Amino acid sequence: IGGTDAGARIQASTLVRGSPLESSEIAAEGYENGFGFFHNVAIDDHFGDPQRFDAMARLKQGRGSLIGLGIDADTAVIVHGNELEVLGPHEVAIFDHRKAPASGQSGYELLHAGEHYDLTQRRRIVAARPKAADEDSQQASAAKSGETAR
């Protein structure tokens with residue numbers, strides 16, 4: 001499934017900016033439930049606007065277990081199972097603190113194109129460091145000569 005703007009927002013279990021009259025308020029009474037394809041998640045778009053960061057932070061204050069995703073323009077997330085991957089030229093803000101951030105902390109972390117996040121473990125997935133080409137050739141040479149590569 002896919003969607004942009006409201007089509008992305010409605011896929012989460014918590015619907016943001018769902019009022020049929022206007023979308024400036026993050027929460028609209030009677031319009032809080034999305035389709036729930038992403039359990040315990042709220043998705044907001046147009047995250048290049050600083051007011052969106054503040055609104056998501058306010059939404060999270062009363063819902064500590066909720067994961068907030070702020071997706072910027074021309075940027076997307078692909079979710080396979082519980083793993084989210086960021087695509088596009090801008091960032092995705094992950095609001096995933098189960099308690100209020102300490103004074104001076106932002107309350108979110110930014111993921112860039114190619115970065116991954118585990119929605120179940122609630123953590124950034126750090127990719128293994130790829131081997132350099134010369135490491136592979138050293139190991140191949142060592143294997144031929146019976147030596148151990150260092």
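None of these values were measured; they are calculated from a predicted model.

Undergrad: Give a detailed account of the overall build of the protein chain, specifying residues and quantitative values.
TA: Across its full length, the protein chain holds 3 helices and 9 strands. Taken from N to C terminus, the helices and strands of the protein chain fall in the order α-β-β-α-β-β-β-β-β-β-β-α. In the protein chain, buried positions account for 31% of the 150 residues. Considering only residue pairs separated by 6 or more positions, the protein chain has 50% of its internal contacts joining residues 24 or more positions apart. For the protein chain, the computed accessible surface area is about 9,300 Å², with 50% contributed by carbon and sulfur atoms.

Undergrad: Could you give an account of the side chain of Arg 122, with specific residues and numbers?
TA: In this structure, Arg 122 sits in the loop between strand E8 (116-118) and strand E9 (123-125). For Arg 122, the side chain forms a polar contact with the main-chain oxygen of Ser 65, separated by 3.0 Å.

Undergrad: Hey, could you go over unusual backbone geometry for me, with residue numbers and the actual values?
TA: We note that Asp 5 has phi near 50°; this positive angle belongs to a residue other than glycine. By secondary structure assignment, the location of Asp 5 is in the segment before helix H1 (6-9). Even without being glycine, Asp 74 reaches a positive phi, approximately 60°. Take Asp 74: it is sitting in the loop between strand E3 (67-71) and strand E4 (76-80).

Rules used in this analysis
- Residues numbered from 1 in each chain as written.
- Predicted model: local features only at pLDDT ≥ 70, side-chain atom pairs only at ≥ 80, totals over all residues.
- Heavy atoms only, no water.
- Helix = DSSP H or I, 4+ residues; strand = E, 2+ residues; numbered from the N terminus.
- Buried < 20%, exposed > 50% of the residue type's maximum accessible area, 1.4 Å probe, protein only.
- Contact = heavy atoms within 4.5 Å.
- Areas by Shrake-Rupley, 256 points an atom, 1.4 Å probe, with all protein chains shown as cover.
- Polar contact = N/O pair within 3.5 Å; in protein donor to acceptor, adjacent residues only side chain to side chain.

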